[in-house]
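# A look at the structure
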Amino acid sequence: CAGYPGGRGSGSETGGRSEADIISTVEFNHTGELLATGDKGGRVVIFQREQESKHQPHRRGEYNVYSTFQSHEPEFDYLKSLEIEEKINKIRWLPQHNAAYFLLSTNDKTVKLWKVSERDKRPEGYNLKDEDGRLRDPSMITTLRVPVLRPMDLMVEATPRRVFANAHTYHINSISVNSDYETYMSADDLRINLWNFEITNQSFNIVDIKPANMEELTEVITAAEFHPHHCNTFVYSSSKGTIRLCDMRASALCDRHAKFFEEPEDPSNRSFFSEIISSISDVKFSHSGRYIMTRDYLTVKVWDLNMENRPIETYQVHDYLRSKLCSLYENDCIFDKFECVWNGSDSVIMTGSYNNFFRMFDRNTKRDVTLEASRENSKPRAILKPRKVCVGGKRRKDEISVDSLDFSKKILHTAWHPSENIIAVAATNNLYIFQDKVN
Amino acid sequence: MGEEEGLHQTQLLDTMFVRGLKRKCFDGEEDIEGTLAGIKAIPSYNLQRQSLLDMSLVKLQLCHMLVEPNLCRSVLIANTVRQIQEEMTQDGTWQMINTQSTGQTSLDRLVSTDILCRSSREQAEGKQVPGYSNFNKDFEDDQTQDSSETMSTASSVQAPRNLQSNVWEMENPQENRGNFQKSLDQIFETLENKSPNSVEDLFSEVDNSYYDLDTMLTGMMSNTKMGHCDGLETFSSPTTTTSNSNCKSDLNELDHIVEILVES
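Predicted model only: the values in this text are computed from it and were never measured. (Residues numbered from 1 in each chain as written. Chains lettered and ligands numbered in written order. Predicted model: local features only at pLDDT ≥ 70, side-chain atom pairs only at ≥ 80, totals over all residues. Heavy atoms only, no water.)

## A word on the overall build of chain B
In terms of regular secondary structure, chain B is built from eleven helices and zero strands. For chain B, the N- to C-terminal ordering of α and β elements is α-α-α-α-α-α-α-α-α-α-α. Every one of the 264 residues in chain B was classed for burial, and the buried ones make up 51%. Sequence separation of at least 24 residues holds for 77% of the intrachain contacts in chain B that already meet a minimum separation of 6. Counting only carbon and sulfur atoms, one obtains 55% of the accessible surface of chain B, whose full area is about 12600 Å². (Helix = DSSP H or I, 4+ residues; strand = E, 2+ residues; numbered from the N terminus. Buried < 20%, exposed > 50% of the residue type's maximum accessible area, 1.4 Å probe, protein only. Contact = heavy atoms within 4.5 Å. Areas by Shrake-Rupley, 256 points an atom, 1.4 Å probe, with all protein chains shown as cover.)

Right, here's the structure in full:
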């Protein structure tokens, strides 16, 4: 069955309908042990998976809050008289090298490297200061002792280790850690910059599509990502529905692409909204590095890196919206940026839709399922029931008609555990975690 | 526009744009029924397209009002506007609309949104200054703006564009395109050089006094930053003269304004 029975709704309750609690990004770390969320208020909340316990097998691997910190604050650009939102646009984890965890978080303008570390022991018995930290008078010390580490309540602290600022004129939409683990890139609407983790006062500009005359601007960068294995290769997508693959070995400024992916337009579907709905909102390499997946307004496409002229697979996310494009243009929903994710084995892809629906497509069996992330419709540990949208004609009992869809309930951000069938779905200010049912 | 009206309109538009069919030429139509349907659909298609154009222009204004415009959204909307305008120019509807009296109201609406966009910033400062002088003023205020850039941008603003309903009435489609392009360009320039915004009066009723020459002149007079020379320069950057009577009346008004400036 292509569906994933196993519902365990875990709401991240953050009281009330505060806009600051709207989740703006979700990301598992490389082992899946940690799950980070960023929100509109600039906060990062990290969940940690519980160790599996023989005593409580049914509580297999629940995620609980591990750390919460304020990553970004609202700022004011005095030169332009503009506010800079503190909303976290993206979080990306670094691979783990020691006991501490590192992640990058970014708002529209500034990227920060955060170190999240545990402290469960405390040194006691210093010679030169007492337990409160006050200095002792050296003349009063008659004996020497060796400080010992004593256990304390676990404390998780997050400290900003690097701040990468002042490199972006436009809004940052993507960050991507390179496979060399020494560099990463940040992409805004018109430029992509390459950073070294150790150096914060310098970055290299590797892509610049700003026209000399802003009046000629017709295309912007919408997303970018490094290849998972080849540290010289990256892709970026555009608002015109194209993807460019660039090789950093070719030149310092990668304005000329190595590959250009574009699907020819279907003339029978042409309308004034064609360009808008072709704008790519997310691009992701498969774990294998052989494919890229792109999300535009109505579809998800899988491309083979070796074939530039069309995608190898196209999945309709919510084609019933095609007849509603004008309304969606009027209420701005047509500009919603949905993300897409691969599962660990690249066999299933997932993306969000409206009415708190999200969709999964099995690339092998070609089956797909629509599920809903809402408390009203799923109890904890209940199996999720597949949903169906009725496109016209007779509506069956548990179907929902297109006109009844709630467009304010959109699932833009989802994440898939790197190796297991555990998914995280952000529905406005609630986080849902679903996993496969055992036995 | 009442909310119900708006909904109704977009529902119509949805029906219109269901298959995204462009209006086909009558020649070489393979399907007779399709042709007939096409003929019947022409007037409503144009109206719907016009409506989409209006909506898009309002959206672009909204970009001005937001704290920081989303560049991707602005670019996509601007591209849509260009697309509509190109199609309207190609099939001659642009001129058709100009000569129809019924089209006048929609043009005014277009114009009003244009002026509303540029002058709403001035409204916050209690001035009713016409577009071009706003533009100069913004650039002079903007300290990051390089003076040469200011001058070159200022000179690209053409005076007749600010004469209310005459904005879109340039008979030459090329000029339409040029003026239109300049509107879009201006929008992008302002997107780049953001200045303090005011969100009040965003959707206030169009003040018909905008269409008053008097109001405009008053505004010009009170704008002390713009010297008379600048005003004259702006006015003297010519639009191509055409033989059309509408354009002639524009020029007459221009002369009138220049006279007043010189006299003061």
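There's plenty left to go through after this.
## Here's the deal with the overall build of chain A
Secondary structure summary: chain A contains two helices and 31 strands in total. Its C-alpha radius of gyration of 24 Å places chain A within 12% of the 22 Å reference for a compact globule of 439 residues. When its C-alpha atoms are laid out on the principal axes, chain A stretches across 90 × 55 × 40 Å. The buried share of chain A, taken over its 439 residues, is 52%. Sequence-distant contacts in chain A: of pairs separated by 6 or more residues, those separated by 24 or more amount to 53%. Per element, the accessible surface of chain A, about 20800 Å² overall, is 48% carbon and sulfur. Across chain A, the centroid of the 58 positively charged side chains sits 5 Å from that of the 63 negatively charged ones. (Rg over C-alpha atoms; globule rule 2.2 N^0.38 Å. Lys, Arg positive; Asp, Glu negative; His and termini not counted. Charge placed at Lys NZ, Arg CZ, Asp CG, Glu CD.)

## Focus: the pairing of strand S31 (residues 430–435) of chain A
All names here are of chain A. In terms of burial, S31 is largely enclosed, as six of its six residues are buried. Residues Asn430, Tyr432 and Phe434 line one face of S31 and the alternating positions Leu431, Ile433 and Gln435 line the opposite face, and both faces are buried. Relative to S31, strand S30 (residues 422–427) runs antiparallel, the two sharing six bridges. Looking at the pairing, alanine 424 lines up with isoleucine 433 of S31. Joining the antiparallel neighbours S30 and S31 is a turn of two residues, in which threonine 428 adopts a positive phi near 55 degrees. (Pairing = 2+ DSSP bridges.)

## As for the nonpolar core
Of all hydrophobic cores here, the largest spans 44 residues; its most connected members are Tyr297, Leu321, Tyr329, Ile334 and Leu405 of chain A together with Leu52 of chain B. Elements represented by at least two residues in this core include exactly helix H1 (274–278) and helix H2 (325–330) of chain A together with helix H2 (32–65) and helix H3 (71–90) of chain B. Tallying contributions element by element places H3 of chain B first for this core, with nine residues. Judged by nonpolar contacts, the second largest core, of 16 residues, contains Phe358, Ala373, Val425 and Ala427 of chain A. (Core = buried A, V, L, I, M, F, W, Y, C linked by side-chain atoms within 4.5 Å.)

## A closer look at the packing of aromatic side chains
Residues and elements named next belong to chain A. Applying the stated criterion across every chain, the model contains 19 aromatic pairs over all chains. Here phenylalanine 358 and phenylalanine 434 contribute two aromatic rings whose centre-to-centre distance is 5.7 Å and whose plane-to-plane angle is 20 degrees, an arrangement assigned as stacked. Of the two residues, phenylalanine 358 sits in strand S25 (residues 357–362) while phenylalanine 434 sits in strand S31, which places them 76 residues apart along the sequence. The same class applies to phenylalanine 358 as to phenylalanine 434, namely buried. Every member of this aromatic cluster is reached through a ring pair, and the members are Phe164, Tyr184, Trp195 and Phe197. The ring of tyrosine 126 has lysine 129 sitting right over it, with the charged end atom 4.8 Å from the ring centre. (Phe/Tyr/Trp six-rings, centres within 6.5 Å; stacked < 30°, edge-to-face > 60°. Lys NZ or Arg CZ within 6 Å of the ring centre and 35° of its normal.)

## Some details on the sheet that holds strand S23 (residues 340–342) of chain A
Residues and elements named next belong to chain A. A sheet is described by the order of its strands in space; here four strands give the open sequence S23-S24-S25-S26, paired in antiparallel fashion. If you trace the sheet from one side to the other, it starts and ends with S23 and strand S26 (368–372), each paired once. Averaged over all neighbouring strand pairs, the angle between strand axes comes to 20 degrees, with direction disregarded. Note: strand S24 (residues 348–352) against S25, five bridges, orientation antiparallel. (Axes fitted to C-alpha atoms, helices over the stretch in contact; angles between N-to-C directions.)

## Remarks on the sheet that holds strand S2 (residues 34–39) of chain A
Residues and elements named next belong to chain A. Pairing is antiparallel across the open sheet formed by four strands, whose spatial order is S1-S2-S3-S4. A strand with exactly one partner marks an edge of an open sheet, and here the two such strands are strand S1 (23–28) and strand S4 (63–70). Here the strands of the sheet are splayed against their neighbours by 20 degrees on average, with no regard to which way each runs.

## Observations regarding the pattern of salt bridges
Residues and elements named next belong to chain A. Here the structure, examined in full by the defined rule, presents 33 salt bridges over all chains. The partner of arginine 43 in a salt bridge is aspartate 39, and the shortest N-O contact between them spans 3.0 Å. Looking at aspartate 39, the relative accessible area reads 6%, which means it is buried. As a salt-bridge pair, glutamate 372 and arginine 387 come within 3.0 Å of each other at their nearest N and O atoms. Pair noted here: glutamate 372 is in strand S26 and arginine 387 is in the loop between S26 and strand S27 (389–390), with a separation of 15 residues, a long-range link. A relative accessible area of 18% places arginine 387 in the buried class. Here the salt bridges do not stand alone but share partners, grouping Asp21, Asp39 and Arg43 into one network. (Salt bridge = Lys/Arg side-chain N within 4 Å of Asp/Glu carboxyl O.)

## Topic: the side chain of asparagine 173 of chain A
Residues and elements named next belong to chain A. If you trace the backbone, asparagine 173 turns up in strand S11 (residues 172–177). Overall, the relative accessible area of 15% leaves asparagine 173 in the buried class. For asparagine 173, the side chain forms a polar contact with the main-chain oxygen of isoleucine 221, separated by 3.1 Å. (Polar contact = N/O pair within 3.5 Å; in protein donor to acceptor, adjacent residues only side chain to side chain.)

## Thoughts on the environment of serine 18 of chain A
Residue and element names in this part refer to chain A. Within the fold, serine 18 resides in the segment before S1. Between the alpha carbons of serine 18 and asparagine 429 there is a distance of 8.3 Å; along the sequence they are 411 residues apart. Within the structure, the side chain of serine 18 is placed 3.2 Å from the backbone nitrogen of alanine 20, a separation counted as a polar contact.

## Some points on the state of the cysteines
For the coordinates displayed, the defined rule picks out zero disulfides over all chains. Summary of cysteine pairing: cysteine 254 of chain A is not part of a disulfide, and the nearest cysteine sulfur, belonging to cysteine 246 of chain A, is at 5.2 Å. Looking at the unpaired cysteine 340 of chain A, the closest cysteine sulfur is the one in cysteine 72 of chain B, lying at 15 Å. (Disulfide = S-S within 2.5 Å.)

## Quick word on the confidence of the model for chain A
Of the residues in chain A, 93% have a pLDDT of 70 or more, and the chain-wide mean is 91. Low pLDDT, under 50, characterises residues 1–16 of chain A; the predicted model gives this stretch 51 contacts beyond four residues in sequence or across chains. (pLDDT = per-residue confidence, 0-100.)

## Examining the environment of asparagine 430 of chain A
Note that asparagine 430 of chain A resides in strand S31. Sequence-wise, asparagine 430 of chain A and glutamate 265 of chain A are 165 residues apart; in three dimensions their C-alpha atoms are separated by 37 Å.

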